[in-house]
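So the chains spell out like this:
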Amino acid sequence: MPTTLYIDADACPVKEEVYRVGRRYGLKVFVVSNAWINVPREPLIEQVVVDAGPDVADDWIAERAVTGDIVITADIPLADRCLKSGAQALKSNGQPFTPDSIGSALAGRMVGEHLRSMGVATSGPAPFSTADRSRFLQALDTAVVRARKVSPPKAET
């Protein structure tokens, strides 16, 4: 099966970059959200609007992402699920989630949730920058090359 790109799209700042890379490599892109968003009307780009609710979009992506696929998300539990199924996962700043880093990311998320439940104010992510966008494009290109090695294109008949 050829590589598929999945975007956890509700708050993703790099959708246009994913579309651009998808076009360049001829890859299917699924833009998954729980509300309608503006998506280019192109054969390789498909919008998927799931029901509202916690983790519905995450479940849709995690049920489909497999070895050779790439998931763009800031959601750590979703990234963990995708890594376990063999897919790659990237943050919008280009930082990959890896089997070696996902455990500490999950632990950090749990600590943050615990602190917030106790009323402690925690800082959010740093503002998204031009350098983040550039790192993301480079990381996505690298991920596609890696994915194509494990998921070669279908032979033409």
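Here we summarise the structure given alongside this text. Please read these numbers as outputs of a predicted model, since none were measured by experiment. (Residues numbered from 1 in each chain as written. Predicted model: local features only at pLDDT ≥ 70, side-chain atom pairs only at ≥ 80, totals over all residues. Heavy atoms only, no water.)

**What to know about the packing of helix α1 (residues 15-25) against helix α5 (residues 130-150)**
Two numbers describe how α1 lies on α5: the axes approach to 10 Å, and their chain directions differ by 35°. You can see that α1 and α5 cross each other, and the crossing is right-handed. Here α1 contributes Glu17, Val18, Arg20, Val21, Arg24 and Tyr25 to the contact with α5, which in turn contributes Arg133, Phe136, Leu137, Leu140, Asp141, Val144, Val145 and Arg148. A breakdown of the residues in the contact of α1 with α5 according to their chemical character gives eight nonpolar, no polar and six charged. (Axes fitted to C-alpha atoms, helices over the stretch in contact; angles between N-to-C directions. Helix = DSSP H or I, 4+ residues; strand = E, 2+ residues; numbered from the N terminus. Left-handed = near helix turned anticlockwise from the far one by under 90°. Contact = heavy atoms within 4.5 Å. Nonpolar A, V, L, I, M, F, W, Y, C, P; charged D, E, K, R; others polar.)

**Description of the side chain of serine 33**
Here serine 33 is to be found in strand β2 (residues 28-33). Leave out the neighbours within four places in its chain, and serine 33 touches Ala9, Asp10, Gln47, Val48, Val49 and Val50.

**Observations regarding the sheet that holds strand β3 (residues 45-49)**
In space, the six strands of this open sheet follow the order β3-β2-β1-β4-β5-β6, with mixed pairing throughout. With one partner strand each, in any of the chains shown, β3 and β6 (96-97) form the two edges of the open sheet. Looking at chain direction, strand β5 (residues 88-90) and β6 are connected through two bridges and run antiparallel. Following the sheet pairing, alanine 89 is matched in β6 by phenylalanine 97. In the packing of α5 onto the sheet, contacts are made with β1 (4-8), β4 (70-72) and β5, and the angle to β5 comes to roughly 175°. (Pairing = 2+ DSSP bridges.)

**Thoughts on α1**
Taken residue by residue, α1 has Lys15, Glu17, Val18, Tyr19, Val21 and Gly22 as its buried positions. Looking at the buried side of α1, the elements it contacts are β1, β2, β3, β4 and α5. Where α1 terminates, the next one or two residues include glycine 26, which has phi positive at roughly 70°. (Buried < 20%, exposed > 50% of the residue type's maximum accessible area, 1.4 Å probe, protein only.)

**Concerning helix α3 (residues 76-84)**
Of all the residues in α3, the buried ones are Ile76, Leu78, Ala79, Asp80, Cys82 and Leu83. N-capping of α3 is provided by aspartate 75, with a side-chain oxygen placed 2.7 Å from the backbone N of leucine 78. After α3 finishes, the residue glycine 86 shows a positive phi value of roughly 100°. (Polar contact = N/O pair within 3.5 Å; in protein donor to acceptor, adjacent residues only side chain to side chain.)

**Looking at the packing of aromatic side chains**
How two aromatic rings sit relative to each other is set out by the distance from centre to centre and by the angle between their planes. By the definition in use, this model includes three aromatic pairs. Both rings, one in tyrosine 6 and one in phenylalanine 30, keep their centres 5.5 Å apart while their planes meet at 15°; by these two values the pair is stacked. Of this pair, tyrosine 6 sits in strand β1 while phenylalanine 30 sits in strand β2, placing them 24 residues apart in sequence. The exposure class assigned to phenylalanine 30 is buried, which follows from its relative accessible area of 15%. Centre to centre, the rings of tyrosine 6 and tryptophan 60 are 6.2 Å apart; their planes meet at 65°, and the pair counts as edge-to-face. Residue tyrosine 6 is found in strand β1, and its partner tryptophan 60 is found in helix α2 (residues 56-62); the two are separated by 54 residues along the sequence. Residue classification places tryptophan 60 among the buried residues on the basis of a relative accessible area of 16%. These aromatic residues form a ring-pair network of at least three members: Tyr6, Phe30 and Trp60. (Phe/Tyr/Trp six-rings, centres within 6.5 Å; stacked < 30°, edge-to-face > 60°.)

**A look at the nonpolar core**
Of all hydrophobic cores here, the largest spans 23 residues; its most connected members are Val31, Ile70 and Leu140. Elements with a minimum of two residues in this core: β1, α1, β2, β4 and α5. When residues in this core are grouped by element, the largest group, six residues, is from α5. When near neighbours in sequence (up to four residues on either side) are disregarded, isoleucine 70 contacts Thr3, Thr4, Leu5, Tyr6, Gln88, Leu90, Leu140, Ala143, Val144 and Ala147. Within the second largest apolar cluster, 14 residues are counted, among which are Trp60, Ala62, Cys82 and Ala87. (Core = buried A, V, L, I, M, F, W, Y, C linked by side-chain atoms within 4.5 Å.)

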